[in-house]
Amino acid sequence: MTFKALFAAATAATVVMSAPLMAADFMVKDAYVRSATPSAKSGAAFMMLMNNSGEDDVLIAASSDVAPRVELHKHEMDENGVMKMTEIEGGIAIPAGGMHHMTRGGDHVMFMGLTEPLAQGSEITVTLTFEKAGDVEISVPVDHERKPAKGEGHDHSGHSHSHNHDS
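Note that this is a predicted model, so its numbers are computed, not measured. (Residues numbered from 1 in each chain as written. Predicted model: local features only at pLDDT ≥ 70, side-chain atom pairs only at ≥ 80, totals over all residues. Heavy atoms only, no water.)

**A few points about the nonpolar core**
Test applied: What we call a nonpolar core is a set of buried Ala, Val, Leu, Ile, Met, Phe, Trp, Tyr and Cys residues that are connected through their side-chain atoms within 4.5 Å. Burial classification: accessible surface area is computed with a 1.4 Å probe over protein chains only, and a residue below 20% of its type maximum counts as buried, one above 50% as exposed, and the rest as partly exposed. Helix and strand assignments come from DSSP, with helices taken as H or I runs of at least 4 residues and strands as E runs of at least 2, each series counted from the N terminus. What makes two residues a contact is simply this: any of their non-hydrogen atoms within 4.5 Å.
Counting residues in each nonpolar core, the largest one holds 29 residues, and the members touching the most others are Met47, Val109, Phe111, Ile124 and Leu128. Looking at this core, the elements that each hand over two or more residues are strand E2 (26–34), strand E3 (42–51), strand E4 (57–64), strand E5 (69–77), strand E7 (92–94), strand E9 (108–112), strand E10 (123–130) and strand E11 (134–141). If sequence neighbours within four positions are ignored, Ile124 has contacts with Val33, Ser64, Val66, Phe111, Leu118, Ile138, Ser139, Val140 and Val142.

**Quick look at the packing of aromatic side chains**
Put simply, the test is: Pairs were defined over the aromatic rings of Phe, Tyr and Trp, the Trp ring being its six-membered one, requiring ring centres within 6.5 Å. Orientation was assigned from the angle between planes: stacked under 30 degrees, edge-to-face over 60, tilted for the rest.
Taken as a whole and judged by the stated rule, the model has 2 aromatic pairs. When the ring of Tyr32 is compared with that of Phe46, the centres are 5.3 Å apart and the planes differ by 40 degrees; the resulting orientation is tilted. Here Phe46 lies in strand E3 and Tyr32 lies in strand E2, a separation of 14 residues in the sequence.

**Here's the deal with the environment of Met110**
Its place among the elements puts Met110 in strand E9. A relative accessible area of 3% means that Met110 is categorised as buried. For the pair formed by Met110 and Ser63, sequence separation is 47 residues and the distance between their alpha carbons is 9.6 Å.

Set out below in structure tokens:
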């Protein structure tokens, strides 16, 4: 394969991997999922959610076949200065024309009780449920090699956390 053909193929692959996923009035950009190790029982998904509709909406839930329990989570510091991961009560508000960045060390979709390993290079299906837009199904690539963007916290998907799961 010539250098020119190899460069064209690599460029095309990069464009496909970074292309935003469109669903109704929401666009999901730069989504990926990862777990800390191949045998981890939990994993997390990160992404940019953009509300292109004319009205405010709220991401109220997420689900996937890869785990029986999927929750919207956030990291926050407790009164003792310890970072804890907790479920987001009431969902994530996304204003009309606005966006919300789900990042490592911040808000994210948490998969608990993984039914299978998250294999590098594979894709999982995630359904995001919005208060007004309803269910939006997206395909999210598994990328264990991605490094946090500058300013993002470190990945906590393989660590033990205090969870507040009052059901």
